[in-house]
Amino acid sequence: MEELIARVTNRTGLDAATAKTAIGHILAFLQKEGPATEVSQLMAALPGSEAALAEANASEGGGGLMGMLGGMMGGGVMALGQKLISAGVPMNQMQPLGQELFAYGREKAGEDVMGPIVGSIPGLNQFV
């Protein structure tokens, strides 16, 4: 996970704590919205992903106004975007963040894992 965090911070300019939180939110989103088999394979290929996921879920709380807005928009990629904004990720860094995370996932888990994940979640392809 440290290598992924370093790559994300280098690409986006985010600090390491924000990058880790953002990665956790994205993994939690994938776990909720993606195909279970492939997401499990991705998580297994990314050491430390379970801890990042747990931290993101713990910080979830009530979600406040942003959580309400995400819920009103029906969840999905829009809700993920709101969580990332709340975590301190500027809008213009969401695509580089997603691109780096998915490139890393392809390196570690392979295209046969990442392809079905991207293909199964509407709107995700614009961030990867």
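Structure's up top.
Treat the numbers as computed from the prediction; the structure is a model and nothing was measured.

> I'm lost on the overall build of the chain in this one. Help?
What the chain contains, in helices and strands, is 8 helices and 0 strands. Its helices and strands taken in sequence order, the chain reads α-α-α-α-α-α-α-α from the N to the C terminus. A buried classification covers 44% of the 128 residues belonging to the chain. A separation of at least 24 residues holds for 68% of the contacts in the chain among residues at least 6 apart in sequence. Split by element, the accessible area of the chain, about 6,200 Å² in all, is 56% carbon and sulfur.

> Looking at this structure, I do not really get the packing of helix H2 (residues 16–33) against helix H7 (residues 94–109). What am I missing?
Between H2 and H7, the least distance of the axes is 11 Å, while the angle of their chain directions is 70°. The angle between H2 and H7 places the two elements in the roughly perpendicular class. Crossing geometry of H2 relative to H7 is assigned as right-handed. Touching Ala 22, Ile 23, Ile 26 and Leu 30 of H2 are Leu 97, Leu 101 and Phe 102, all from H7. Its residues assigned to classes, the contact of H2 with H7 shows 7 nonpolar, no polar and no charged.

> I keep staring at the side chain of Gln 93 and nothing clicks. Help me out?
Examined against the element boundaries, Gln 93 turns out to sit in the loop between helix H6 (76–86) and H7. For Gln 93, a relative accessible area of 16% translates into the label buried. Contacts of Gln 93, omitting those with residues within four sequence positions, involve Arg 11 and Thr 12.

Rules used in this analysis
- Residues numbered from 1 in each chain as written.
- Predicted model: local features only at pLDDT ≥ 70, side-chain atom pairs only at ≥ 80, totals over all residues.
- Heavy atoms only, no water.
- Helix = DSSP H or I, 4+ residues; strand = E, 2+ residues; numbered from the N terminus.
- Buried < 20%, exposed > 50% of the residue type's maximum accessible area, 1.4 Å probe, protein only.
- Contact = heavy atoms within 4.5 Å.
- Areas by Shrake-Rupley, 256 points an atom, 1.4 Å probe, with all protein chains shown as cover.
- Axes fitted to C-alpha atoms, helices over the stretch in contact; angles between N-to-C directions.
- Parallel < 35°, antiparallel > 145°, perpendicular 65-115°, else oblique.
- Left-handed = near helix turned anticlockwise from the far one by under 90°.
- Nonpolar A, V, L, I, M, F, W, Y, C, P; charged D, E, K, R; others polar.

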